Amino acid sequence: MAFLTHLECAKCGKTYDPNLIHNLCECGGPLLVRYDLKAAAAAVSPARLAGRPANLWRYREVLPVQNEANIVTLGEGMTPLLPLPRLGSAMGLPGLLLKDEGVNPTGTFKARGAATGISRAKELGIRAVAMPTNGNAGGAWASYGARAGIEVTLVMPVDAPAMSVLEATAVGARAYMVRGQITDAGAIVAKSAKAHGWFEAATLKEPYRIEGKKTMGYEIAEQMGWTLPDVILYPTGGGVGIIGIYKAILEMREMGWLPDSVKMPRLVAVQAEGCQPIVKAFNEGKDVSEKWENAETVAQGIRVPKALGDFLVLQAVRATGGTCVAVPDADTLWGLEQISRLEGAFICPEGASLVGAARNLLRDGWLQPDEKVLLLNTGAGIKYPDILRPELPVLEIGAAI
Ligand SMILES: *Cc1c(COP(=O)(O)O)cnc(C)c1O
Ligand SMILES: [Zn+2]
């Protein structure tokens, strides 16, 4: 597992020694992990992956952990890729697919990033990490941190979903709340980390989380027999997942795991109408976003007013002929009801926003009915016990219905 070569700034290209602890480049850009992909391709082929355990570590040649003994795992990855025949035919998109990240440990795809991030932290001798979170990253990093014996400190908005707060504190994280957004939480962490000796593990301020999330791209290709869908819709907050999937596809191409005949999917960044900085930048032809004021949405995992990696999301979307769209909360709740009732998939609101987005994109002629459209659902509906409030009739004992 020695294919990791260096870290590279996504903005200015400056390179860094991966054996040392780094956050951002000196220019402020995020650092991406680079590998000797030729050597990795020579070491393992797609055919040889088949016999490996069904978790994300099956792609270990393109993951940053050097010594297998440092892997901290709860069994994350290799989540199901499901056809959605009933929803698809109701919507007029028979090729609709769901990659369901809700079955990961901690109930969201944040487990992937936490697995690689915490494993690498362990490998580099980091004893304590701190991060801002809207909830799910906190629950995941706290859980993997507990397993690794690494101390985790979280700062999250006061209205973070109760289930994530419960999860994070149950596994022993030190957690604080702020009357504000995740960006305000991030500022508090940045101000406090040095004095406490905490390594800052905020989205893209930490180089290894994206490596776990990129494995979603590897899995999609492997599960589709080393092909790809026409379109991938992704609920975008900090954007790590979409940046990661794009990175994975480029890596797979370079390694020859995807033939040139396999077309690049159009990547779609979906945001909430009440917090759509990247959509706005896309529509205005800009390369970076501006902070979104008074961000508000039921899909709290994508309530990110300003993302460090916004420019990378915009690059990936534009390079693939994709688009950025905003979905009103009403369409997200409509999507949640549709996918739950037609497919039995009780997914998270972030994922449900994709159903609304797909409907709108088909209506506008951006999606064609015969296309393979993959919805990347990032988490489980059961992590959001407050999102639906069913009122049930209460019966007396012995009553008949
Ligand atoms: C964090 C999160 C997102 C957004 O992920 P990014 O990769 O930061 O854009 C989407 N959905 C859920 C459920 C999340 O927890
Ligand atoms: Zn730089």
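It should be noted that the structure appears before, not after, this text.
What counts and what doesn't
- Residues numbered from 1 in each chain as written.
- Chains lettered and ligands numbered in written order.
- Predicted model: local features only at pLDDT ≥ 70, side-chain atom pairs only at ≥ 80, totals over all residues.
- Heavy atoms only, no water.
- Helix = DSSP H or I, 4+ residues; strand = E, 2+ residues; numbered from the N terminus.
- Expected span 1.5 Å × (residues − 1).
- Buried < 20%, exposed > 50% of the residue type's maximum accessible area, 1.4 Å probe, protein only.
- Contact = heavy atoms within 4.5 Å.
- Pairing = 2+ DSSP bridges.
- Axes fitted to C-alpha atoms, helices over the stretch in contact; angles between N-to-C directions.

K.L.:
How should helix 5 (residues 136-148) be read in this particular structure?
P.N.:
At 3.6 residues per turn, the α-helix brings residues three or four places apart onto the same side. The terminal C-alpha atoms of helix 5 lie 18 Å apart, and with 13 residues this matches the ideal 18 Å at 1.5 Å per residue to within 8%. Extensive coverage of helix 5 is indicated by the burial of ten of its 13 residues. For helix 5, every residue scored as buried is listed here: N136, A137, G138, G139, A140, W141, A142, S143, Y144 and G145. Contact partners of the buried residues in helix 5: helix 4 (110-123), strand 6 (128-132), strand 7 (151-157), helix 6 (162-170) and helix 8 (209-223). Just downstream of helix 5, G149 is the residue with a positive phi angle, here 75 degrees.

K.L.:
Looking at this structure, how should I read the sheet that holds strand 5 (residues 96-100)?
P.N.:
Note on sheets: strands pair through backbone hydrogen bonds, and any given pair is parallel or antiparallel. The strand order 4-5-13-10-11-12 describes an open sheet built from six strands, whose pairing is mixed. Of all the strands in the sheet, just strand 4 (81-83) and strand 12 (323-327) have a single pairing partner and so form its edges. Direction aside, the axes of adjacent strands within the sheet are offset by 25 degrees on average. Strand direction decides the pairing type here: strand 10 (residues 231-235) and strand 13 (residues 373-377), joined by three bridges, are parallel. Along strand 13, the bridge assignment pairs L233 with L375. Where helix 13 (residues 349-363) meets the sheet, its contacts fall on strand 10, strand 11 (266-272), strand 12 and strand 13, and the angle it forms with strand 10 comes to roughly 135 degrees.

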